[in-house]
Amino acid sequence: MTNIAASSYALAAIGFLALGLPVLAGWRGHAQRVTLSIACLITAAWAGALTWNAAAGILWSTPAAVLEVLRDGAWSLFLVALLGHWRRDAVSAGRPSGLTALRPSLLLALAVYLALLVAIVAAGWTGSLLQSFGVPILAGYMGLAVYGMLLVEQLYRNKTIVERWAIKFACLGIGGMFAYDFYMYSNTMLFRELNPDLWTARGVINALTVPLIAASIARRRSWSTSFAVSRRVVFHSAALFGSAVYLLAMGTVGYYLRYFGGSWGSVMQTGFLFGAVCLLGVILFSGSARSWLRVSISKHFYRYNYDYREEWMRFTRTLSGRGPNLGERAIQALAALVESPGGTLWQRGDSGRFEPRARWQGVDGGMAEAADSPFCQFLESTQWVIDLDEYLERPEKYEGLAVPDWLLDMPRRWLVVPLMLQENLFGFVVLQRARSPLQLNWEIIDLLEIAGSQAASHLAQDDAANALMVARQFESFNRMSTFVVHDLKNLVAQLSLMNANAEKHKDNPEFQRDMLETLDHSVQKMKMMLQKLGRTENAEKPLPLALDQVVRQALAMKSAFEPHPELLVEAPGLMVVADRERLERVLGHLIQNAIEATPRNGHVLVRVGRPGGGRADAVEVEITDTGAGMSEEFIRERLFKPFESTKSAGMGIGVFESREYINELGGTMDVRSQPGAGTTFKVVLPLQREQAAATTA
């Protein structure tokens, strides 16, 4: 077994030495030349030390343990160099140099490496000391392995497809080394002894990574493209890494509780580990803890506080979501930018004052602010985001600002974000204090200002849509009222004519009968119109109707007018599908217009029959008069235009409504007319489907 172990690690030493020396000598001018060659040579030295130990029958020695820490650190440094995001922001740090130029996360990792080296040297970690001092150092080695795997995961996840093609074998090789170390040390901590087979195979495992790294070196031209680490990846990676470190620490403490707890050791260890896991769950699901982690990552890992693409997509999705509560969604979108737990929206009302319009997880402000108040005038003129805490501490920074007392008395009030629309104050949002401390800077303030303008645009569009909907409702009501007035005009004309003839024909029984029928019909029509205006009537469903009967009913209402229309039914019993009252009104409008356009000695003929052209699936109503007629220009430009009429008391909507309803039924209406030669209206309607099919057959 000793010879096998020595051969295994010797193979790894030869492989990494053969890889590192050519890289150091011949890979000049490449950004990762130094880090890669150092990692390969330190790994070769570490494998050589373990080869010497194996030949001497020793598993562990202080030099080999130190070299292992250096090996892990060198490969981690190589991965960080490939990431290319290891310097601190020069603007926020005052152009640092040396170690101060490193990111805080890298400084922390460096501190962990140094602490582990000191612990190894101080403990003199040999086989005889493994039981006494091995658990903390094993936990440290596991932490280094977890850190290395996280670096590999971030490197591969955030590269483009071309970059992944270049580094995938290196990620497999280096990630495999760290993963095997994690497995071996986890097994050692679990069983409290090192598995000789795992330790022996470790050299071969490391040697197998050499060709994988060499394959990536051959593709090195695509290593140095631009790179940016996603905040979401860093957030989840940091949460995972922190959880792993926490569990390792708690596991170490639990081990010592069991080791020194005597007969209560197992009970204390179980209870402590359960409590530690519960505490971890509380921390992971805590909004304040997650907020603090996001703020810390943006502050220490990135030059800018925001991933603007991701933030703007989230902001737009929130505002564009479904539902009527746009005000709440606007507050939520603004609050998410600064980790605020809630807020209240003020918007200009009909009275001209800014009134509380919506709130999201915030207190009800309950107070309105005049648009011409100093506070609103300051917001409109400066368009500043106001930090109320800073205003109380340094009022000179907000010269001319007078914050109302009711706003200062609001609990947890923090920021006032103006909603600007075309240089005018559309509203403002008061956000509650963030879950974790957040230092405002120019970047956050600029983002809130532009986000406020975007939210104002969405809110204004929503208000405009609501106003348009109300306007359309009024338009629809007014249009219906216009038709009703038109019908009332016709009824008044009929009643006026009947009243004028009443004295002359009051003793005529036939006239009395017609008068009573006309009065009853007029009363029924007026009741129906009142119901429509009151919106209490359900829309009637179209029913099969005998068209000649509908025409007869329409003509009966015109019996008092002169000239009396004549009816010619060429094809009785033809059925159409329509609303009786509307179809009768449409045909009545056309007949009434023909009567009014024709002198008393003229003629009005209404014909019901088949249309020309041999169509068997339609019925035609033709209304012909010998009146004054119309010009082609009038027919083309004015006849079917609503509210255009040649009559002094006309509404100009009868023909328009007639054509609209005929088209709605699937029919057509044609007009032929010449000045002085009369007019002919042809209304063609489709037959009822069953009757049309029978006629065709």
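Residues numbered from 1 in each chain as written. Predicted model: local features only at pLDDT ≥ 70, side-chain atom pairs only at ≥ 80, totals over all residues. Heavy atoms only, no water.

J.: How would you summarise the packing of aromatic side chains if you had to cite specific residues and measurements?
T.: Working definition: an aromatic ring pair is given by the centre-to-centre distance plus the angle between the planes. This model, assessed by the stated rule, comprises 12 aromatic pairs. A ring pair is formed by Tyr 9 and Trp 46, whose centres lie 5.9 Å apart and whose planes are at 85°; its orientation type is edge-to-face. In this pair, Tyr 9 is assigned in helix H1 (residues 2-26) and Trp 46 in helix H2 (residues 33-55), connecting sequence segments 37 residues apart. The pair Tyr 9 / Trp 46 is uniform in exposure class, with both members buried. Here the basic side chain of Arg 71 rests over the ring of Trp 46, its NZ or CZ set 4.4 Å away from the ring centre. (Phe/Tyr/Trp six-rings, centres within 6.5 Å; stacked < 30°, edge-to-face > 60°. Helix = DSSP H or I, 4+ residues; strand = E, 2+ residues; numbered from the N terminus. Buried < 20%, exposed > 50% of the residue type's maximum accessible area, 1.4 Å probe, protein only. Lys NZ or Arg CZ within 6 Å of the ring centre and 35° of its normal.)

J.: Tell me what's going on with the pattern of salt bridges, and back it up with residues and numbers.
T.: Per the counting criterion, the structure on display carries 15 salt bridges. Between Glu 581 and Arg 585 there is a salt bridge, with its nearest N and O atoms 2.8 Å apart. Within this pair, Glu 581 and its partner Arg 585 are both found in helix H20 (residues 580-597), separated by four residues, close to a single helical turn. What makes Glu 581 buried here is its relative accessible area of 15%. Overall, Arg 585 belongs to the buried group, its relative accessible area being 9%. The salt bridge involving Arg 607 is made with Glu 620; its shortest N-O contact spans 2.2 Å. Here Arg 607, found in strand S10 (residues 604-609), pairs with Glu 620, found in strand S11 (residues 618-625); they are 13 residues apart in sequence, far enough to count as distant. Residue classification places Arg 607 among the buried residues on the basis of a relative accessible area of 11%. Residues joined by salt bridges that share partners form a network here, namely Glu 68, Arg 71, Asp 72, Asp 181 and Arg 202. (Salt bridge = Lys/Arg side-chain N within 4 Å of Asp/Glu carboxyl O.)

J.: Just give me the short version of the environment of Ala 65, but keep the residues and values in it.
T.: Tracing the chain through its elements places Ala 65 in helix H3 (residues 62-83). Residue classification places Ala 65 among the buried positions, given a relative accessible area of 1%. Separated by 72 residues in sequence, Ala 65 and Ile 137 have C-alpha atoms that sit 9.8 Å apart.

J.: Describe a nonpolar patch on the surface, with residues and values.
T.: Taken together, Leu 11, Val 204 and Leu 208 make up a surface patch of nonpolar side chains, about 260 Å² in accessible area. Within the secondary structure layout, Leu 208 lies in helix H8 (residues 196-218). (Patch = residues over 30% accessible without salt bridge, like charges linked within 9 Å, V, L, I, M, F, W, Y side chains within 5 Å. Areas by Shrake-Rupley, 256 points an atom, 1.4 Å probe, with all protein chains shown as cover.)

J.: Tell me what's going on with the pairing of strand S9 (residues 575-578), and back it up with residues and numbers.
T.: Where burial is concerned, the two faces of S9 differ: the one with Val 576 and Ala 578 is buried and the one with Met 575 and Val 577 is not. Here four bridges tie strand S7 (residues 543-546) to S9, and the two strands are oriented antiparallel to one another. Its bridge partner lying in S9, Leu 543 is registered against Ala 578. (Pairing = 2+ DSSP bridges.)

J.: Let's hear about the sheet that holds strand S1 (residues 343-348): which residues, and what values?
T.: The sheet built from six strands is open, its strands ordered S3-S2-S1-S6-S5-S4 with antiparallel pairing. Of all strands in the sheet, those bounded by a partner on one side alone are strand S3 (369-370) and strand S4 (386-387). The pairing of S1 with strand S6 (residues 424-432) spans five bridges and is classified as antiparallel. Looking across to S6, one finds that Trp 346 is bridged to Phe 428. Running at roughly 105° to S6, helix H14 (residues 374-382) makes contact with strand S2 (353-360), S3, S4, strand S5 (413-421) and S6 of the sheet. (Contact = heavy atoms within 4.5 Å. Axes fitted to C-alpha atoms, helices over the stretch in contact; angles between N-to-C directions.)

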